[in-house]
Amino acid sequence: MSVIGVLTAGGDCPGLNAVIRGVTARAADHDNAEVVGIKNGWEGLMEGDTVPLDRDAVRGILFRGGTILGTSRMDPYVHGDGYQSCERTIKRNGIESLVVIGGDGTLRSALRLSQEGLPVVGVPKTIDNDIAGTDVTFGFDTAVQVATDAIDRLASTAEAHNRVIVVEVMGRSKGWIATYAGIAGGADAILIPEVPYDLEAVADIIRARHRRGRRYSIVVVAEGVEQPAGAPRQKARKDAFGFDRLGGVSYQVAEILEELTGFETRVSVLGHIQRGGTPSAFDRVLATRLGVAAADYAIEGRTGVMAAVRGSQIVPVSMEEACADIRGVDPSLYETAAMFFG
Ligand code: F6P
């Protein structure tokens, strides 16, 4: 009987529990493997905090947000000595293969562990949808729906007051949520890290729109865009593990737009509301399929691979490919969004 460890690391994401359930059901039910849940991401692997998982332990979690295992941004290569920091827990639990559900940083550490000899299978996770090697990540669909609902609501209050509202969405390095929610919500401008922006041009769009009689404008901003040129630099903020905390650039954008257009401009930072709560049906199905596939790869003894989406199929791709890049918004998609600005 083989022993498979499973952990969730980095920011949480709707669908994590569906992946854990998929891994456990496939491994325990169908292959009689033992599944060891590792608590709080890499922290649990470094500190020996584990919990046995079986089919019963993962009942009733499919639709729950967050992760039953907990997560953290602790990293064995940033806060420890890599494999050495995890060896005790791996040996004590007899873990033969580790399923790591995480974003780009987590997957990079997983790849290094596999290069140090621990069999590792990755499952890409982020609402940001920016992991290379896969067409889409679970959690993204849910986040886009939340952001789109927010834009719809903000548009109606903005219209009542003839205001501009700047809506800040997540997207640390890339603007997938901004672009999708902006298209779905009919945004008048979308600012993303991949495309340099000019607030004079955005102000022109807004002025022209209001001259045509529209009584509101919505500007969607990905949190990871550069601060506007000339604006006072925001103080760098760090999380508990030393990583940059983003959020708030839209206040600078709004101040400049208000100055340029003369329209009252308000800000709504959606923040963690995009990440919490129940996953969409699409994300539940995708996360389940990825979990089942990851268990299969682990049982087959594969290592250094990630369960990925290619078209309608789940396929193993090399984690090296997944870690080589961060996937940005396709320029043609952004062009489609831009057709509807103003
Ligand atoms: O990477 C996913 C993400 O949601 C980013 O969009 C965001 O910048 C980050 O996590 C926020 O993480 P935390 O909750 O740790 O501040």
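Here, the structure is the one placed above.
Computed from a predicted model, the values in this text were never measured in an experiment.

(A) Representation of the overall build of the chain in the model. Per the secondary structure count, the chain includes 11 helices and 13 strands. In terms of overall size, the chain behaves like a compact globule, its C-alpha atoms giving a radius of gyration of 22 Å where 342 residues would be expected to give roughly 20 Å. Along the three orthogonal principal directions, the C-alpha set of the chain runs to about 70 × 35 × 30 Å. Per-residue burial over the chain gives 53% buried out of 342 residues. When contacts within the chain are restricted to residue pairs at least 6 apart in sequence, long-range pairs at least 24 apart make up 74% of them. For the chain, the accessible area works out to roughly 14500 Å², and carbon and sulfur atoms hold 48% of it.

(B) Inspection of the nonpolar core at higher detail. Residues V99, I101, F138, I190, I218, V219 and L257 are the most contacted members of the largest nonpolar core, which totals 79 residues. Counting residues per element, this core draws most heavily on helix α5 (residues 140–161), at 9 residues. Here this core gathers at least three residues from each of two domains, domain 1 (2–139 + 279–323) and domain 2 (141–275). Aside from chain neighbours lying at most four places away, what touches L257 is V166, L199, V202, A203, I206, V219, G262 and T265. V3, I95, L113 and V120 belong to the second-largest nonpolar core, a separate cluster that totals 29 residues.

(C) Here's a closer look at the packing of aromatic side chains. Across all of its chains, the model carries 4 aromatic pairs by this definition. Taken together, a centroid distance of 6.3 Å and an interplanar angle of 45° make the contact between W176 and Y180 tilted. A residue pair is termed a helical-turn pair when its members lie 3 or 4 positions apart in one helix, as W176 and Y180 do in helix α6 (residues 176–185) at 4 residues. Among the residues examined, W176 registers a relative accessible area of 6% and is labelled buried. Judged by its relative accessible area of 37%, Y180 falls in the partly exposed class. Relative to F341, the ring of Y334 has its centre 6.1 Å away and its plane inclined at 80°; by these criteria the two rings are edge-to-face. In textbook terms, an aromatic cluster arises when at least three aromatic residues are bridged by ring pairs, as seen for F140, W176 and Y180.

(D) Structural view of the side chain of T137. Looking at the secondary structure, you find T137 in the loop between β5 (120–124) and α5. For T137, a relative accessible area of 0% puts it in the buried group. Contact partners of T137, with chain neighbours within four places excluded, come to P124, T126, N129, I131, D283 and L286.

(E) Here's a closer look at the pattern of salt bridges. In this structure the tally under the stated criterion is 14 salt bridges. With a shortest N-O distance of 2.6 Å, D244 and K238 are connected by a salt bridge. The shortest N-O distance in the salt bridge between R310 and E321 comes to 2.9 Å. A residue pair is termed long-range when its members are at least 10 positions apart, and R310 in strand β12 (residues 305–310) and E321 in helix α10 (residues 319–323) qualify at 11 residues. For R310, a relative accessible area of 34% translates into the label partly exposed. By relative accessible area, which is 40% here, E321 ends up partly exposed. It is possible to trace a salt-bridge network through shared partners that takes in R163, E264 and R266.

Parameters and conventions
- Residues numbered from 1 in each chain as written.
- Predicted model: local features only at pLDDT ≥ 70, side-chain atom pairs only at ≥ 80, totals over all residues.
- Heavy atoms only, no water.
- Helix = DSSP H or I, 4+ residues; strand = E, 2+ residues; numbered from the N terminus.
- Rg over C-alpha atoms; globule rule 2.2 N^0.38 Å.
- Buried < 20%, exposed > 50% of the residue type's maximum accessible area, 1.4 Å probe, protein only.
- Contact = heavy atoms within 4.5 Å.
- Areas by Shrake-Rupley, 256 points an atom, 1.4 Å probe, with all protein chains shown as cover.
- Core = buried A, V, L, I, M, F, W, Y, C linked by side-chain atoms within 4.5 Å.
- Domains from an automatic or database assignment.
- Phe/Tyr/Trp six-rings, centres within 6.5 Å; stacked < 30°, edge-to-face > 60°.
- Salt bridge = Lys/Arg side-chain N within 4 Å of Asp/Glu carboxyl O.

These figures come from the coordinates and say nothing about function on their own.
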